[in-house]
Amino acid sequence: ILNVEQSPQSLHVQEGDSTNFTCSFPSSNFYALHWYRWETAKSPEALFVMTLNGDEKKKGRISATLNTKEGYSYLYIKGSQPEDSATYLCAFRGTAGGTSYGKLTFGQGTILTVHP
Amino acid sequence: DGGITQSPKYLFRKEGQNVTLSCEQNLNHDAMYWYRQDPGQGLRLIYYSQIVNDFQKGDIAEGYSVSREKKESFPLTVTSAQKNPTAFYLCASSIFSGGYNEQFFGPGTRLTVL
(Lines give C-alpha, C1' and ligand atoms only; values in the text may rest on other atoms or scores of the structure.)
Protein backbone atom coordinates (compact mmCIF):
# COMPACT_ATOMS: atom_id res chain seq x y z
CA ILE A 1 0.00 0.00 0.00
CA LEU A 2 1.42 3.39 -1.01
CA ASN A 3 2.13 5.95 1.69
CA VAL A 4 0.43 9.30 1.14
CA GLU A 5 0.64 11.58 4.17
CA GLN A 6 -0.98 14.94 4.84
CA SER A 7 -0.05 17.43 7.52
CA PRO A 8 -1.26 18.88 9.70
CA GLN A 9 -4.22 16.64 10.50
CA SER A 10 -6.30 19.68 11.48
CA LEU A 11 -5.89 23.41 11.43
CA HIS A 12 -7.81 26.28 13.01
CA VAL A 13 -7.29 29.78 11.61
CA GLN A 14 -8.98 33.15 11.89
CA GLU A 15 -10.83 34.73 9.00
CA GLY A 16 -8.35 36.61 6.84
CA ASP A 17 -5.36 34.45 7.75
CA SER A 18 -3.41 32.74 5.02
CA THR A 19 -2.61 29.10 5.52
CA ASN A 20 -0.94 26.16 3.87
CA PHE A 21 -0.71 22.43 4.28
CA THR A 22 1.32 19.59 2.87
CA CYS A 23 0.83 16.35 1.01
CA SER A 24 3.76 13.90 0.87
CA PHE A 25 3.79 11.03 -1.62
CA PRO A 26 6.21 8.55 -3.20
CA SER A 27 8.79 10.34 -5.36
CA SER A 28 9.10 7.39 -7.73
CA ASN A 29 6.63 6.30 -10.41
CA PHE A 30 4.73 9.58 -10.19
CA TYR A 31 1.92 10.22 -12.66
CA ALA A 32 -0.42 12.76 -11.08
CA LEU A 33 -1.42 14.34 -7.78
CA HIS A 34 -5.04 15.35 -7.20
CA TRP A 35 -6.41 17.78 -4.62
CA TYR A 36 -10.02 17.57 -3.48
CA ARG A 37 -12.12 19.70 -1.14
CA TRP A 38 -14.72 17.96 0.99
CA GLU A 39 -17.21 20.19 2.76
CA THR A 40 -19.38 18.82 5.54
CA ALA A 41 -22.55 17.12 4.27
CA LYS A 42 -21.38 17.40 0.67
CA SER A 43 -19.42 15.19 -1.73
CA PRO A 44 -15.68 15.67 -2.32
CA GLU A 45 -15.02 17.99 -5.26
CA ALA A 46 -11.90 18.19 -7.38
CA LEU A 47 -9.70 21.28 -6.98
CA PHE A 48 -6.58 20.55 -9.00
CA VAL A 49 -4.75 17.89 -10.94
CA MET A 50 -0.99 18.38 -10.73
CA THR A 51 1.09 16.55 -13.29
CA LEU A 52 4.54 18.12 -13.86
CA ASN A 53 7.33 18.90 -11.44
CA GLY A 54 7.17 22.60 -10.64
CA ASP A 55 3.47 22.85 -11.54
CA GLU A 56 1.57 25.69 -9.94
CA LYS A 57 -2.21 25.80 -10.14
CA LYS A 58 -4.55 28.51 -8.90
CA LYS A 59 -8.30 28.80 -8.39
CA GLY A 60 -9.37 32.05 -6.78
CA ARG A 61 -7.65 32.30 -3.39
CA ILE A 62 -6.47 28.70 -3.46
CA SER A 63 -3.26 27.63 -5.11
CA ALA A 64 -1.09 24.51 -5.17
CA THR A 65 2.49 23.64 -6.00
CA LEU A 66 4.15 20.35 -6.87
CA ASN A 67 7.62 18.89 -6.30
CA THR A 68 7.76 15.39 -7.73
CA LYS A 69 11.50 14.94 -7.15
CA GLU A 70 11.11 15.21 -3.39
CA GLY A 71 7.53 13.96 -3.29
CA TYR A 72 5.43 16.79 -1.88
CA SER A 73 2.70 19.23 -2.79
CA TYR A 74 1.60 22.34 -0.93
CA LEU A 75 -1.91 23.78 -0.89
CA TYR A 76 -2.17 27.47 -0.03
CA ILE A 77 -5.25 29.47 0.89
CA LYS A 78 -4.86 33.24 0.90
CA GLY A 79 -7.13 35.28 3.15
CA SER A 80 -9.12 32.34 4.51
CA GLN A 81 -12.89 32.71 4.73
CA PRO A 82 -15.35 30.66 6.82
CA GLU A 83 -16.63 29.06 3.61
CA ASP A 84 -13.14 27.58 3.09
CA SER A 85 -13.76 25.33 6.09
CA ALA A 86 -13.55 21.78 4.77
CA THR A 87 -11.39 18.70 4.66
CA TYR A 88 -8.72 18.95 1.97
CA LEU A 89 -7.63 15.63 0.48
CA CYS A 90 -4.73 14.84 -1.76
CA ALA A 91 -4.56 11.68 -3.88
CA PHE A 92 -1.61 10.07 -5.70
CA ARG A 93 -1.70 8.24 -9.01
CA GLY A 94 1.29 6.15 -10.10
CA THR A 95 2.60 5.61 -13.61
CA ALA A 96 0.93 3.55 -16.30
CA GLY A 97 1.83 -0.10 -16.19
CA GLY A 98 2.09 -0.08 -12.44
CA THR A 99 -0.50 -1.33 -10.05
CA SER A 100 -1.34 2.17 -8.89
CA TYR A 101 -2.16 3.67 -12.30
CA GLY A 102 -5.83 2.78 -12.42
CA LYS A 103 -6.66 4.12 -8.96
CA LEU A 104 -6.02 6.98 -6.58
CA THR A 105 -4.39 6.58 -3.18
CA PHE A 106 -5.69 9.22 -0.78
CA GLY A 107 -4.03 10.88 2.16
CA GLN A 108 -5.93 11.13 5.44
CA GLY A 109 -6.87 14.75 4.82
CA THR A 110 -6.34 18.09 6.54
CA ILE A 111 -9.41 19.47 8.33
CA LEU A 112 -9.45 23.25 8.04
CA THR A 113 -11.69 25.36 10.27
CA VAL A 114 -11.84 29.09 9.61
CA HIS A 115 -13.27 31.08 12.52
CA PRO A 116 -15.13 34.36 11.81
CA ASP B 1 -28.87 16.54 -13.93
CA GLY B 2 -25.80 14.31 -14.30
CA GLY B 3 -24.37 12.82 -11.18
CA ILE B 4 -23.91 9.94 -8.82
CA THR B 5 -26.59 8.73 -6.46
CA GLN B 6 -26.13 6.49 -3.48
CA SER B 7 -28.89 5.01 -1.45
CA PRO B 8 -29.80 4.92 1.28
CA LYS B 9 -28.11 7.80 3.09
CA TYR B 10 -28.22 5.94 6.42
CA LEU B 11 -28.38 2.19 6.83
CA PHE B 12 -28.69 0.11 9.96
CA ARG B 13 -28.16 -3.64 10.00
CA LYS B 14 -27.79 -6.33 12.57
CA GLU B 15 -24.47 -8.05 13.00
CA GLY B 16 -24.14 -11.08 10.75
CA GLN B 17 -26.40 -9.79 7.99
CA ASN B 18 -25.20 -9.03 4.50
CA VAL B 19 -26.16 -5.59 3.18
CA THR B 20 -25.96 -4.08 -0.29
CA LEU B 21 -25.21 -0.41 -0.92
CA SER B 22 -26.44 1.10 -4.14
CA CYS B 23 -24.43 3.35 -6.47
CA GLU B 24 -25.77 4.67 -9.77
CA GLN B 25 -24.24 7.17 -12.19
CA ASN B 26 -25.64 8.84 -15.30
CA LEU B 27 -22.36 10.45 -16.36
CA ASN B 28 -21.60 7.71 -18.91
CA HIS B 29 -18.35 7.00 -17.06
CA ASP B 30 -16.52 3.74 -17.64
CA ALA B 31 -14.80 3.56 -14.26
CA MET B 32 -16.42 3.31 -10.85
CA TYR B 33 -14.98 3.02 -7.33
CA TRP B 34 -15.97 2.23 -3.76
CA TYR B 35 -14.20 3.85 -0.82
CA ARG B 36 -14.55 3.54 2.89
CA GLN B 37 -13.87 6.34 5.35
CA ASP B 38 -13.24 5.90 9.05
CA PRO B 39 -12.59 8.71 11.57
CA GLY B 40 -9.05 10.08 11.26
CA GLN B 41 -8.35 8.10 8.12
CA GLY B 42 -8.39 8.97 4.46
CA LEU B 43 -10.50 7.33 1.81
CA ARG B 44 -9.50 3.71 1.43
CA LEU B 45 -10.26 1.91 -1.81
CA ILE B 46 -12.39 -1.22 -1.49
CA TYR B 47 -13.02 -2.20 -5.11
CA TYR B 48 -12.89 -0.51 -8.48
CA SER B 49 -14.18 -1.30 -11.93
CA GLN B 50 -12.55 -0.02 -15.11
CA ILE B 51 -15.28 -1.30 -17.40
CA VAL B 52 -18.52 -3.27 -17.38
CA ASN B 53 -18.15 -6.90 -16.26
CA ASP B 54 -14.71 -6.25 -14.82
CA PHE B 55 -13.54 -5.21 -11.34
CA GLN B 56 -10.39 -5.31 -9.22
CA LYS B 57 -9.74 -5.47 -5.51
CA GLY B 58 -8.57 -2.33 -3.83
CA ASP B 59 -6.58 -2.08 -0.62
CA ILE B 60 -9.26 -3.37 1.77
CA ALA B 61 -11.45 -5.77 -0.24
CA GLU B 62 -11.78 -8.50 2.40
CA GLY B 63 -15.38 -8.94 3.50
CA TYR B 64 -16.81 -7.04 0.52
CA SER B 65 -18.10 -8.05 -2.89
CA VAL B 66 -19.18 -6.09 -5.97
CA SER B 67 -20.71 -6.59 -9.40
CA ARG B 68 -20.67 -4.47 -12.55
CA GLU B 69 -23.35 -5.82 -14.83
CA LYS B 70 -24.36 -2.39 -16.15
CA LYS B 71 -22.25 0.63 -16.94
CA GLU B 72 -24.29 2.90 -14.69
CA SER B 73 -24.45 0.65 -11.62
CA PHE B 74 -21.81 -0.64 -9.18
CA PRO B 75 -23.43 -2.10 -6.05
CA LEU B 76 -21.32 -3.01 -3.03
CA THR B 77 -22.23 -5.87 -0.71
CA VAL B 78 -20.89 -5.78 2.81
CA THR B 79 -20.83 -9.39 3.94
CA SER B 80 -20.87 -10.87 7.40
CA ALA B 81 -17.16 -11.64 6.92
CA GLN B 82 -16.30 -7.94 7.18
CA LYS B 83 -15.10 -7.62 10.76
CA ASN B 84 -15.79 -3.94 11.30
CA PRO B 85 -18.39 -2.80 8.75
CA THR B 86 -19.61 0.35 10.52
CA ALA B 87 -18.24 3.21 8.40
CA PHE B 88 -19.04 5.87 5.82
CA TYR B 89 -19.02 4.51 2.26
CA LEU B 90 -18.41 6.68 -0.80
CA CYS B 91 -18.93 5.73 -4.42
CA ALA B 92 -17.14 7.55 -7.24
CA SER B 93 -16.81 7.42 -11.00
CA SER B 94 -14.48 8.77 -13.67
CA ILE B 95 -14.46 8.85 -17.47
CA PHE B 96 -11.93 6.05 -17.37
CA SER B 97 -9.62 4.79 -14.68
CA GLY B 98 -6.28 6.19 -15.85
CA GLY B 99 -4.96 9.48 -17.15
CA TYR B 100 -5.55 12.75 -15.39
CA ASN B 101 -9.26 12.18 -14.98
CA GLU B 102 -10.81 13.43 -11.80
CA GLN B 103 -13.21 11.27 -9.87
CA PHE B 104 -16.74 12.43 -9.14
CA PHE B 105 -18.24 11.37 -5.85
CA GLY B 106 -21.68 10.49 -4.61
CA PRO B 107 -23.15 11.73 -1.32
CA GLY B 108 -22.21 8.59 0.61
CA THR B 109 -23.96 5.99 2.76
CA ARG B 110 -23.36 5.74 6.49
CA LEU B 111 -23.64 2.12 7.55
CA THR B 112 -24.10 1.22 11.19
CA VAL B 113 -24.04 -2.40 12.24
CA LEU B 114 -25.75 -2.97 15.56
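Keep in mind that what you see is a predicted model, and the values were worked out from it rather than measured. (Residues numbered from 1 in each chain as written. Chains lettered and ligands numbered in written order. Predicted model: local features only at pLDDT ≥ 70, side-chain atom pairs only at ≥ 80, totals over all residues. Heavy atoms only, no water.)

**Description of the state of the cysteines**
Scanning the entire structure with this criterion turns up 2 disulfides over all chains. Residue pairing for Cys23(A): its cysteine sulfur links by disulfide to Cys90(A), the two sulfurs lying 2.0 Å apart. Disulfide Cys23(A)-Cys90(A): the torsion about the S-S bond is 75 degrees, which places it as right-handed. Note that Cys23(A) is positioned in strand 3 (residues 19-24) and Cys90(A) in strand 9 (residues 86-94), a separation of 67 residues in sequence. For Cys23(A), a relative accessible area of 0% corresponds to the buried category. Note on Cys90(A): relative accessible area 0%, which makes it buried. Between the sulfur atoms of Cys23(B) and its disulfide partner Cys91(B) the distance amounts to 1.8 Å. (Disulfide = S-S within 2.5 Å. Helix = DSSP H or I, 4+ residues; strand = E, 2+ residues; numbered from the N terminus. Buried < 20%, exposed > 50% of the residue type's maximum accessible area, 1.4 Å probe, protein only.)

**Brief notes about the sheet that holds strand 7 (residues 64-66) of chain B**
Residue and element names in this part refer to chain B. Reading across from one edge, 1-3-8-7 is the order of the 4 strands in this open sheet, with antiparallel pairing throughout. The sheet terminates laterally at strand 1 (4-7) and strand 7, the two strands that pair on one side only. Strand-to-strand, the axes of this sheet are offset by a mean angle of 20 degrees, without reference to chain direction. (Pairing = 2+ DSSP bridges. Axes fitted to C-alpha atoms, helices over the stretch in contact; angles between N-to-C directions.)

**Overview of the nonpolar core**
Counting 23 residues, the largest nonpolar core has Phe21(A), Leu33(A), Trp35(A), Phe48(A), Leu75(A), Tyr88(A) and Leu112(A) as its most contacted members. Among the elements of the structure, strand 2 (10-14), strand 3, strand 4 (30-38), strand 5 (45-50), strand 7 (62-67), strand 8 (72-77), strand 9 and strand 11 (110-115) of chain A are those that each provide at least two residues to this core. Top element by residues in this core is strand 9 of chain A. It accounts for 4 residues. Core analysis: the second largest hydrophobic core is formed by 20 residues, Leu11(B), Val19(B), Met32(B) and Tyr89(B) among them. (Core = buried A, V, L, I, M, F, W, Y, C linked by side-chain atoms within 4.5 Å.)

**Topic: the packing of aromatic side chains**
What the rule picks out here adds up to 18 aromatic pairs over all chains. For the ring pair Phe106(A) and Tyr35(B), a centre distance of 5.3 Å and an interplane angle of 85 degrees mean the geometry is edge-to-face. Of this pair, Phe106(A) sits in strand 10 (residues 105-106) while Tyr35(B) sits in strand 4 (residues 31-37), which puts the two residues in different chains. Tyr35(B) carries the same exposure label as Phe106(A), and that label is buried. An aromatic cluster is present here, built from Tyr36(A), Phe106(A), Tyr33(B), Tyr35(B), Tyr48(B) and Phe105(B) joined pairwise through their rings. Across the ring face of Phe48(A), the terminal group of Lys59(A) is positioned such that the distance to the ring centre comes to 6.0 Å. (Phe/Tyr/Trp six-rings, centres within 6.5 Å; stacked < 30°, edge-to-face > 60°. Lys NZ or Arg CZ within 6 Å of the ring centre and 35° of its normal.)

**Here's the deal with unusual backbone geometry**
Negative phi values dominate among residues other than glycine, just as trans dominates among peptide bonds. Cis geometry is found at the peptide bond from Ser7(A) to Pro8(A), where omega equals -5 degrees. By the secondary structure assignment, Pro8(A) is in the loop between strand 1 (5-7) and strand 2. For the bond running from Ser7(B) to Pro8(B), omega is -10 degrees, close enough to zero to count as cis. Of note, the phi angle at Asn29(A) is positive, near 60 degrees, even though the residue is not glycine. In this structure, Asn29(A) sits in the loop between strand 3 and strand 4. Its relative accessible area of 54% is what places Asn29(A) among the exposed residues. Positive phi, close to 70 degrees, is recorded for Ala41(A), a residue that is not glycine.

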